[in-house]
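Residue-level structural notes
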Amino acid sequence: MTAKKTALYGMFLALALVAGYVEQLIPVNPGIPGVKLGLANIVTMILLYVLGLRASVIVSALRILLSGFLFGNGFAIIYSAAGAALSILVMTILKKTGKFSCVGVSVAGGVFHNVGQILVAMVVLETKALYYYLPILILSGLAAGILVGILSGILIRRLSPVIRQYFY
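Attention in this report is confined to the structure presented alongside it. (Residues numbered from 1 in each chain as written. Predicted model: local features only at pLDDT ≥ 70, side-chain atom pairs only at ≥ 80, totals over all residues. Heavy atoms only, no water.)

In terms of helices and strands, the protein chain carries six helices and zero strands. From first element to last, N terminus to C terminus, the protein chain shows the α and β order α-α-α-α-α-α. A globule of 168 residues ought to have a C-alpha radius of gyration of about 15 Å, and the protein chain, at 16 Å, matches this closely. Projected onto its principal axes, the C-alpha coordinates of the protein chain cover approximately 50 × 35 × 30 Å. By residue count, 40% of the 168 residues in the protein chain fall in the buried class. (Helix = DSSP H or I, 4+ residues; strand = E, 2+ residues; numbered from the N terminus. Rg over C-alpha atoms; globule rule 2.2 N^0.38 Å. Buried < 20%, exposed > 50% of the residue type's maximum accessible area, 1.4 Å probe, protein only.)

Shown next as structure tokens:
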């Protein structure tokens, strides 16, 4: 990896960590545990669209580990990693089809992030009762995915030429 690429990944990692931290400061609490805006996913979307799968996986994995150690715990890392893995997988597949907009890809990512977390929680807690919580999380993933998709689309259009010009 070149020095430029390392610096670029570090910059995006810092942006994702700050976005995740800022999200914790925003007083959005619908009274439903686990519902978040997912602002750090804007960085994941930008990376996926501008630099590709490898960059989005590397930065997401590092963000999950660092934010888990800084702001969470071991379980937060496990749940976030499961959600991110399934989310990035689904987003990559949908993006490659070329049939989905940035918002559509983001919505699928938000929904499948929550599905991944519920699946892991069902295994960890050894209960299928969490399955009933899934519709609420799907709706929150849909709403957050729309917001993240709109913001990501705007930023991708504006940042893509700059990133490609200076770093590639």
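With 34 residues, helix H6 (residues 134–167) extends only 41 Å from end C-alpha to end C-alpha; this falls clearly short of the ideal 50 Å at 1.5 Å per step. The largest bend in H6 is about 40 degrees, located at leucine 159, with the proline proline 161 one to four residues further on. (Expected span 1.5 Å × (residues − 1). Bend = angle between axes of the 7 residues up to and from the residue.)

So, about the nonpolar core. The nonpolar side chains of a soluble globular protein tend to be buried, and buried together. One finds Phe12, Leu47, Leu51 and Val59 to be the most contacted residues of the largest nonpolar core, which totals 29 residues. Elements with a contribution of two residues or more to this core: helix H1 (3–25), helix H2 (41–50), helix H3 (53–71), helix H4 (74–97), helix H5 (102–124) and H6. Val107, Val111, Val115 and Ile118 belong to the second-largest nonpolar core, a separate cluster that totals seven residues. (Core = buried A, V, L, I, M, F, W, Y, C linked by side-chain atoms within 4.5 Å.)

Another aspect to go through is a nonpolar patch on the surface. Residues Val18, Tyr21, Val22, Leu25, Ile26, Leu62, Leu66, Leu70 and Phe71 make up a contiguous nonpolar surface patch of roughly 780 Å² in combined accessible area. Tracing the chain through its elements places leucine 70 in helix H3. (Patch = residues over 30% accessible without salt bridge, like charges linked within 9 Å, V, L, I, M, F, W, Y side chains within 5 Å. Areas by Shrake-Rupley, 256 points an atom, 1.4 Å probe, with all protein chains shown as cover. Salt bridge = Lys/Arg side-chain N within 4 Å of Asp/Glu carboxyl O.)

Taken as a whole and assessed by the stated rule, the structure comprises three aromatic pairs. Relative to tyrosine 132, the ring of tyrosine 131 has its centre 5.9 Å away and its plane inclined at 75 degrees; by these criteria the two rings are edge-to-face. With relative accessibility at 54%, the residue tyrosine 131 sits in the exposed group. Stacked on the ring of tyrosine 49, the Lys or Arg lysine 95 has its end atom at 5.3 Å from the ring centre. (Phe/Tyr/Trp six-rings, centres within 6.5 Å; stacked < 30°, edge-to-face > 60°. Lys NZ or Arg CZ within 6 Å of the ring centre and 35° of its normal.)

Here we come to the packing of H3 against H4. Put simply, H3 and H4 touch, their axes get as near as 10 Å, and they point 165 degrees apart. One way to sum up the angle between H3 and H4 is to call them roughly antiparallel. As for the relative orientation of H3 and H4, their crossing is right-handed in sense. Counting all contacts with H3, which are made through Leu53, Ser56, Val57, Ser60, Ile64, Leu65, Gly68 and Phe69, the residues of H4 involved are Ile77, Ser80, Ala81, Ala84, Ile88 and Thr92. Considered class by class, the residues forming the contact of H3 with H4 number nine nonpolar, five polar and no charged. (Axes fitted to C-alpha atoms, helices over the stretch in contact; angles between N-to-C directions. Parallel < 35°, antiparallel > 145°, perpendicular 65-115°, else oblique. Left-handed = near helix turned anticlockwise from the far one by under 90°. Contact = heavy atoms within 4.5 Å. Nonpolar A, V, L, I, M, F, W, Y, C, P; charged D, E, K, R; others polar.)

For an α-helix the count is 3.6 residues per turn, leaving residues at separations of three or four pointing the same way. Compared with an ideal rise of 1.5 Å per residue, which puts 23 residues at 33 Å, H5 spans 33 Å between its outermost C-alpha atoms and is within 8% of the ideal. The positive-phi residue at the C-terminal boundary of H5 is glutamate 126, with phi of around 55 degrees.

Fair warning: the whole summary comes from geometry, so function is off the table for now.
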